[in-house]
Amino acid sequence: MKIKNKLRLGFGFLFVVVMFFGAVSIFYIHQISDSAKVILKNNYESLSFAREMRTVLDENKLPLNGDAKSQFGKQLQMQEANITEVGEKEATLELEKDYDILQLPSATPAQQYQAQYDARAQLRKIEKVNMLAIVHKNERAQASVKEATLFLGFVGSFTFLVLFSFSVNFPGFIANPLRELIDGIREISQKNYNQHLNFKKNDEFAEVALAFNDMADRLNEWENTNLAKVLSEKQRIETIIEQMQDAIIGLNEKQEILFINTVAENILNISEQKIVGQSAEKFTGSNDLFKSILASNGGIKSFKIALAGKEAYFQLESREIVIPNLNPQKSDIITVASKSAGKVYILRNITEFKERDEAKTNFIATISHELKTPISSIKMSLKLLNDERVGVANPQQLELLEHIKDDSDRLLKITSELLDLSQVETGNIQLNFVVSDPVEIVDYALNSVKFNAEQKGIKLQVIAHPNLSKVHADMEKTAWVLVNFLSNALRYSPEKSKVVIQVSEKNKQVIFSVKDVGKGIDEQYQKRLFERYFQVPTDGQNKSGSGLGLAISKDFIEAQQGKIWVESAIGEGSMFCFSLPAHKMEIA
């Protein structure tokens, strides 16, 4: 048999095989499509069941009546038989638990409302899982069917024409190119997208090679960019932002609105349907609140907004989004820079916390004020008991009276600190600014602690630099801070030691410092020393205070535009410092 006839027979057989392969492939593709539709049908049914159950919860009040329970249970039963997605089973089981609570006659209203809230959350989860499944499965199935059908139709048609023409005229010119083409297709099926064909002849096979190479390049690009995953993550992030309870606004570097959730739209009273993509300046002209939010330059800022006829407090936090920017240079060195991609503004409702804080402050102020009177009476009674004209106490009684006096002094100090703290928090504290000599402030504070220092045999050394500038400050409050520093130093310093009080001036700041030779403070506690109610753990030898003295001192100093800090190390003692701006002398 001649080669030409063999080729004709071979091409004829190959033609039949290709047609059979195309028919079988199309048949199976349709089967895949039908199967995908059935799967999508299950997802749509799950969405329908979830919608019906939410309708029961929306249209009926708690506790649910018999019909509502029956309708809800019927839909739940159908949903249990229709679980097809990952995560749907767990949500359905949680929904069953919530449904059981709603059916309990002994369930309290609070339990029923919580069960209703949890049931709605699980329904949303079921809907979300099925919606994402519908999107992904539909896109995947339709894309696969369409691509396979077009590809197989193209290959089948092209193969038919080529085989028919070349089987009659030039069968010898087909065998080798077809072999290379088949090898290339096999490589592509193994995801080797770097495979390319190179036919030197200027004929149809060269065009096939170009198309094949273009297809391989596009498949390689798609594999690397993973666009489908990016789009899925984008949709997920947008859903999370919309479901958040805080108001969130995102702008790009051109001050165009990238995203804004429903909560932000309600607070800003923006009613336009299409907001995303528009310039923020369009809304700032007629919306003062929006203008104030965009004027924030970072950090945290508080707002008081009237909503539904009631004052509400919000805390604004703005952050700039910075992304890396890769700039390849001619020297093949890649420099990494960063550029702004926009800003995100988060507006949190803190009304409840504000009201609680005010209630706490008022309660502390009231209790502290009421406690001062009985404590003062106790101190007066102690003085009378110590008076020998009333009667002579034995040593044990005198020791008890001394303990009572120490505790009453401590209680009186704590109540005074609480009152000062409540005044600071409510803004009722008044500062009497006068031009004062720093040395006079130190002397004023020393007179208050001199007796306690003499009792422990501690020497108070004052180092004041010459030609100190005066300070424009509240002398009473500043001396109070210095007294607090000195009291702490005397409490934690050993007997017959030395406490150094130093006043200096640097960079137009007058610096006051109190240094002791106590045990020192661990570095892990130093950053929290000026927090309210924080106390450094002690060994039990020293009575700790209320944890308010340093916090109030910080408020007093910062209210006078000053700074406060501590320097300490274990075994080397501690040095507490604060600085105040030096007063500028006016020249006549």
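Above this text you will find the structure in question.
The shown structure was predicted, so the numbers you read here are calculated from the model rather than taken from an experiment.

Procedures and definitions
Residues numbered from 1 in each chain as written. Predicted model: local features only at pLDDT ≥ 70, side-chain atom pairs only at ≥ 80, totals over all residues. Heavy atoms only, no water. Helix = DSSP H or I, 4+ residues; strand = E, 2+ residues; numbered from the N terminus. Expected span 1.5 Å × (residues − 1). Buried < 20%, exposed > 50% of the residue type's maximum accessible area, 1.4 Å probe, protein only. Contact = heavy atoms within 4.5 Å. Polar contact = N/O pair within 3.5 Å; in protein donor to acceptor, adjacent residues only side chain to side chain. Phe/Tyr/Trp six-rings, centres within 6.5 Å; stacked < 30°, edge-to-face > 60°. 1 Å grid on protein atoms, 1.4 Å probe; cavity = no way out; pocket = protein on both sides within 12 Å on 5 of 7 lines; lining within 4 Å. Points joined across faces, edges and corners; volume = space filled by probe spheres on them. Nonpolar A, V, L, I, M, F, W, Y, C, P; charged D, E, K, R; others polar. Core = buried A, V, L, I, M, F, W, Y, C linked by side-chain atoms within 4.5 Å. Axes fitted to C-alpha atoms, helices over the stretch in contact; angles between N-to-C directions. Parallel < 35°, antiparallel > 145°, perpendicular 65-115°, else oblique. Left-handed = near helix turned anticlockwise from the far one by under 90°. Salt bridge = Lys/Arg side-chain N within 4 Å of Asp/Glu carboxyl O.

Mind showing me how you'd approach helix 13 (residues 438-456) here?
Every α-helix winds through 3.6 residues per turn, so residues three or four apart in the chain are directed the same way. The end-to-end C-alpha distance of helix 13 is 26 Å, a good match for the 27 Å that 19 residues give at a rise of 1.5 Å each. For helix 13, the complete set of buried residues consists of P438, I441, V442, A445, L446, V449 and A453. Its buried side turned inward, helix 13 meets strand 6 (433-436), strand 7 (459-464), strand 8 (471-474), helix 14 (475-492), strand 9 (498-506) and strand 10 (509-515). Looking one or two residues beyond helix 13, the residue adopting positive phi is G457, at roughly 70°.

Any chance you could explain the side chain of S568 here in plain terms?
Structurally, S568 is set in strand 11 (residues 563-569). By relative accessible area, which is 17% here, S568 ends up buried. A polar contact is formed between the side chain of S568 and the backbone nitrogen of I521, at a distance of 2.8 Å. Looking at S568, its side chain comes within polar contact range of the side chain of S574, at 2.8 Å. Not counting chain neighbours up to four residues away, the residues in contact with S568 comprise G520, I521, Q526, G573 and S574.

How should I be thinking about the packing of aromatic side chains in this particular structure?
Ring pairs (aromatic) are described by centroid distance and by the angle formed between their planes. Scanning the entire structure with this criterion turns up 5 aromatic pairs. Where F72 meets Y99, the ring centres are 5.2 Å apart and the plane angle is 20°; that geometry is what we call stacked. Of the two residues, F72 is situated in helix 2 (residues 66-80) and Y99 in helix 3 (residues 88-103); the sequence distance between them amounts to 27 residues. On the basis of relative accessible area, F72 is assigned to the buried category, the value being 0%. When its relative accessible area of 11% is taken as the criterion, Y99 is described as buried. Between the aromatic rings of W480 and F556, the centroid separation amounts to 5.5 Å while the plane-to-plane angle is 80°, which identifies the pairing as edge-to-face.

Any chance you could explain unusual backbone geometry here in plain terms?
Backbone geometry follows two general trends: most residues other than glycine have a negative phi, and most peptide bonds adopt the trans configuration. The residue N467 is not glycine, and still its phi comes out positive at about 55°. Looking at where N467 falls in the secondary structure, it is placed in the loop between strand 7 and strand 8. In this structure, N507 takes a positive phi of about 55° despite not being glycine. Residue classification places N507 among the exposed residues on the basis of a relative accessible area of 68%.

What is the right way to read the environment of K498 from this model?
Mapped onto the elements, K498 comes out in strand 9. Using a relative accessible area of 38% as the deciding quantity, one classes K498 as partly exposed. Sequence spacing of K498 and L460 is 38 residues, and the spatial spacing of their C-alpha atoms is 6.1 Å. If near-sequence neighbours (up to four positions away) are discounted, K498 is found in contact with I458, K459, Q461, K515, D516 and V517. Looking at K498, its side chain comes within polar contact range of the side chain of Q461, at 3.1 Å.

I would appreciate a short explanation of empty space enclosed by the protein in the present structure.
Empty space left among the atoms is revealed by rolling a probe the size of a water molecule over them. In total, this model carries 1 cavity of 30 Å³ or more according to the counting rule given. The computed volume of the largest cavity comes to approximately 40 Å³. The wall of the largest cavity is formed by A247, I249, A264, I267, L268, I293, L316, Y345 and L347. Top element by residues in the lining of the largest cavity is helix 8 (residues 262-268). It accounts for 3 residues. A class-by-class count of the residues in the lining of the largest cavity yields 9 nonpolar, no polar and no charged.

Sorry if this is basic, but what is going on with the nonpolar core here?
Ranked by size, the top nonpolar core spans 39 residues in total, and within it F512 and F578 carry the most contacts. Elements with a contribution of two residues or more to this core: helix 13, strand 8, helix 14, strand 9, strand 10, helix 16 (549-559), strand 11 and strand 12 (573-581). With 8 residues, helix 14 is the largest single contributor of residues to this core. Beyond its immediate sequence surroundings of up to four residues, F578 is in contact with T478, V481, L482, F485, V510, I511, F512, I557, K563, I564 and W565. Within the second largest apolar cluster, 23 residues are counted, among which are L268, F283, A312 and Y345.

So what exactly am I meant to see when it comes to the packing of helix 2 against helix 3 here?
What describes two packed helices is the angle between their axes and the distance between those same axes. Their axes nearest at 11 Å, the elements helix 2 and helix 3 cross at an angle of 160°. Comparing their axes, helix 3 and helix 2 come out roughly antiparallel. Handedness of the helix 2/helix 3 crossing: left-handed. On the side of helix 2, the interface is formed by K69, F72, G73, L76, Q79 and E80, while helix 3 contributes E88, T92, L95, E96, Y99, L102 and Q103. A per-class count over the contact of helix 2 with helix 3 returns 5 nonpolar, 4 polar and 4 charged.

Help me understand the pattern of salt bridges, please; the structure alone is not making it clear to me.
Once the charged atoms of two side chains with opposite charge are near each other, the side chains can pair. Following the criterion strictly, the structure yields 5 salt bridges and no others. Salt-bridge contacts for D58 lead to R120; the nearest nitrogen and oxygen are separated by 2.6 Å. A residue pair is termed long-range when its members are at least 10 positions apart, and D58 in helix 1 (residues 3-59) and R120 in helix 4 (residues 109-168) qualify at 62 residues. Judged by its relative accessible area of 21%, R120 is partly exposed.

Function-wise, these values are silent; they only describe arrangement.
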